[in-house]
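# Coordinates in review
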Amino acid sequence: MKYKNSKHTILFPLLLAVGIVLGILLGQFVGRNKAESQLRTLISRTGLTSPNKLMQTCMLVENKYVDSISMDSLTELVIPLMMKELDPHSEYIPARDMQAMNESLEGEFDGIGVMFNAATDTVIVLSVIPNGPSAKAGVVAGDRIIEVNDTLVAGVKMPQNDIVKRLRGKRGTQVKLSLKRQGVDELVDIEVTRDAIPIKSIEAAFMISDNIGFVRLSQFARTSYVELMQSLAMLREQGMSKLIFDLRGNTGGFLDQAIMIANEFLPEGKLIVYTEDRNGQQVKEFSDGGGRSTDLELVILIDEGSASSSEILAGAVQDNDRGTIVGRRSFGKGLVQQQVPYADGSALRLTIARYYTPTGRSIQKPYENGHQDEYDMDIVHRYNNNEFFSADSIHFDDSLKFTTPKGKIVYGGGGIMPDVFIPMDTLDVTKYFMEVSGRNILYRYTIEYADKHREELNKVETIADLKAMLDADKNLLSDFIRYAAGQGVKPVQRDIARSRLLIESQLRAYIGRNTMLEDNGFYSNIIPIDKVLQRSIELLQQPAQTEQPAQTEQPAQTEQPAQTEQSNNNEKN
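Predicted model only: the values in this text are computed from it and were never measured. (Residues numbered from 1 in each chain as written. Predicted model: local features only at pLDDT ≥ 70, side-chain atom pairs only at ≥ 80, totals over all residues. Heavy atoms only, no water.)

## Notes on the environment of Glu-456
Tracing the chain through its elements places Glu-456 in helix 15 (residues 454-457). Residue Glu-456 is classed as partly exposed on the basis of its relative accessible area of 41%. Sequence separation between Glu-456 and Leu-466 is 10 residues, and the spatial gap between their C-alpha atoms is 9.6 Å. (Helix = DSSP H or I, 4+ residues; strand = E, 2+ residues; numbered from the N terminus. Buried < 20%, exposed > 50% of the residue type's maximum accessible area, 1.4 Å probe, protein only.)

Structure (C-alpha cells):
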C-alpha cells in the first residue's frame, strides 16, 4: 500500500485490526450492537485475562469512533488486503463469489442442460445433455434460442453471461424457450423445468488403441473419484490394460480425491502424501490395498499448469516407482488450504500446512509473503528462461535431491519434474495459423460447420463414426481457407502447407466436440499434434519398461507456442 497524506494512512491500521478481528474471530456473530459482550465472551473462552491490541482496536472503532462506520464494509475491504500479505494461496472469498468458485468443484449446478454458443450473435444449441431437463422437454441440438421468457436474446448482441443468467435458476422453476427449428416456420415454444446439471471433472475417457485407454481429469472435484471409477470400468470392458492419465492444466481441488485416486493405483502400505503444520505435526496417508487398478501400466501427463492435487498424485506415483510421468515440470504448489466459512456466506481459504511427497520432498516453489505479483510471474520467467523447451534449462538444488525405492533421482523445491521431458512443440506454428487461431476464426468456422451439418453430426455415436464422417469430407481444409479469406485472412500457401496438420486436427477436434461425444470427440482428434500423448503411447507400446533417469526429447523451436486447445465460448446451462 502506498498511500501518502490521505485518510487511508490514518485509518489503515484500524481497518487492518477490524478486518482481522471481525473476519476471523467475529465471523460467527451477526449482531453489531453486542460487539463488546461478544469480545468479552471470546476472551473468556480463550483464557485471555485482557483483550489484545487487535480486540481493543475493534472495540474502540465500533464504540468510540466519531462517525458511523459499517463494520461489514470495512471487513470486506481489509481482509483481502491482509491475505495479500500472506502466502500466494491464502485468500478471502466474498459471499457473492462463493457459488461460482464452488460450483465446478461440487460437481453440479441448477440449469436446463444444454451446451450453447452465441459467438455469431445467434444462440445455437450445440448439444443437449441426455435425459436432462431440455432433452425431456424436447430441445434438440441445432435449435436456435430466440427468446427466453419472452425476452429477445438473439440478434441483439446480448452478452453471453447475461444469457447464462436467464437460462439458469433454482431447480424446480420453469423457463420458457422460444426456438427457431430447421424446417419449421414458426417459433417453437417449450417450457423447461430447471434441475441439477452434473459438471463432469472427467473431460474425456476413450480407447486410443486395443489396450491403451486415455482419461483426462480437468480438476479434483467432489465427484472425481467416482467418475474415474466409472470411466476405468467402462474402458476395461473395452480391453484396457494400460492407461494414460492426463493431468495437464489440472490446477487441483479436493485433497481427499487425490488421495483416493492415488490409492486406486498403489499396492497396500505405500505412503501417498503427508502434511506438516506450523508445529511440525504430521498427518500421513497410506494406501490401504483396496485399489483395483494396481495392475494397469500407468503413464501420467503433467505440465506447468498441473498444480496442488495433481502434483500430489503425480508425486505419489513417481516416488513409489508406480508409473512414468511424462510432460513438463509442474506448477509447484505444496501448500494446503483450509476453507473457513462465515455466517454471511463468505469464506477464508487459509494455508495451514505444507504437503510432502513419499520421499519427503516439498514441491512448493519459492515465494515471499506479500509478493503475489512476483509469484504469478514465475511461469513467464520459466518460458523466458527456455524451460518449456529444454530440460537443461531447469536447475535443481542438490540439497533437495531424493531417491525413490528403485534408485531414481527426484528433486524437491519447485514442482514435479517428469521422468520423460517433452518440450513445447512450436514447429508447425506459422503467422497464418496464429492469425486464424488468435482471431477465433478457426473456432467460429467449426460452429458454422456444425450448424450446416447438424443432421449428420446428430448421427455420430462413436469416435469411429466421427472419423468416418470427417474422412469423407475432402474439402474441409479448402473450405476453411475460403472462409478465413472471407474474414480478412489471406491464404499464405507456404504457411498453410507447414501448419496443415495443426489446422486440420483442430478443425476436426472442435467439430467433434459439437457432437454427443463432446470432449471425447475433441481429444481423439488432437492426438496427431500432441507430442506428449504420442510419446506416452510409444512408451506403453514398448514390450518392457526399465527404470532410468529423466529423458529429454527436443523438437525444433520457432516462433510462438502452439495452442492445441484454444479457449471457446461454449456455455453449459
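## Focus on the packing of aromatic side chains
On inspection of all chains with the given rule, the structure shows 16 aromatic pairs. Summarising the aromatic geometry, the rings of Tyr-383 and Phe-388 are spaced 5.6 Å apart at their centres and angled 70° between planes, so their arrangement reads as edge-to-face. By relative accessible area, which is 25% here, Tyr-383 ends up partly exposed. Overall, Phe-388 belongs to the buried group, its relative accessible area being 7%. Considering the side-chain rings of Phe-396 and Tyr-411, the 5.1 Å spacing of their centres and the 15° angle between planes classify their relative orientation as stacked. Here Tyr-411 lies in strand 20 (residues 409-411) and Phe-396 lies in the loop between helix 12 (378-384) and strand 19 (401-403), a separation of 15 residues in the sequence. (Phe/Tyr/Trp six-rings, centres within 6.5 Å; stacked < 30°, edge-to-face > 60°.)

## Remarks on the pattern of salt bridges
Enumeration according to the criterion identifies 26 salt bridges in this entry. Between Lys-176 and Asp-150 there is a salt bridge, and its shortest N-O distance comes to 3.0 Å. A residue pair is termed long-range when its members are at least 10 positions apart, and Lys-176 in strand 7 (residues 174-180) and Asp-150 in the loop between strand 5 (144-148) and strand 6 (151-152) qualify at 26 residues. Here Asp-150 falls in the exposed class, since its relative accessible area comes to 52%. Close ionic contact of Lys-365 with Asp-378 constitutes a salt bridge, the shortest N to O distance being 3.0 Å. Of the two residues, Lys-365 sits in the loop between strand 18 (347-356) and helix 11 (372-376) while Asp-378 sits in helix 12, which places them 13 residues apart along the sequence. When its relative accessible area of 21% is taken as the criterion, Asp-378 is described as partly exposed. (Salt bridge = Lys/Arg side-chain N within 4 Å of Asp/Glu carboxyl O.)

## Regarding empty space enclosed by the protein
Once rolled over the atoms, a probe with the size of a water molecule shows which space is left empty. For the coordinates displayed, the defined rule picks out one cavity of 30 Å³ or more. Here the largest cavity is characterised by a volume of approximately 40 Å³. What lines the largest cavity is simply Glu-304, Arg-328, Arg-329, Arg-382, Glu-387, Phe-388, Ile-394 and Phe-421. By residue class, the composition of the lining of the largest cavity is three nonpolar, no polar and five charged. (1 Å grid on protein atoms, 1.4 Å probe; cavity = no way out; pocket = protein on both sides within 12 Å on 5 of 7 lines; lining within 4 Å. Points joined across faces, edges and corners; volume = space filled by probe spheres on them. Nonpolar A, V, L, I, M, F, W, Y, C, P; charged D, E, K, R; others polar.)

## Topic: the packing of helix 16 (residues 463-472) against helix 18 (residues 493-513)
Two elements in contact, helix 16 and helix 18, have axes whose closest approach is 11 Å; the angle formed by their N-to-C orientations is 130°. One element, helix 16, and the other, helix 18, form an angle in the oblique class. Where helix 16 crosses over helix 18, the two elements pack in a sense that is right-handed. Across the interface between the two elements, Leu-466, Lys-467, Leu-470 and Asp-471 of helix 16 pack against Arg-508, Ile-511 and Gly-512 of helix 18. Among the residues making up the contact of helix 16 with helix 18, the classes are represented as three nonpolar, one polar and three charged. (Axes fitted to C-alpha atoms, helices over the stretch in contact; angles between N-to-C directions. Parallel < 35°, antiparallel > 145°, perpendicular 65-115°, else oblique. Left-handed = near helix turned anticlockwise from the far one by under 90°. Contact = heavy atoms within 4.5 Å.)

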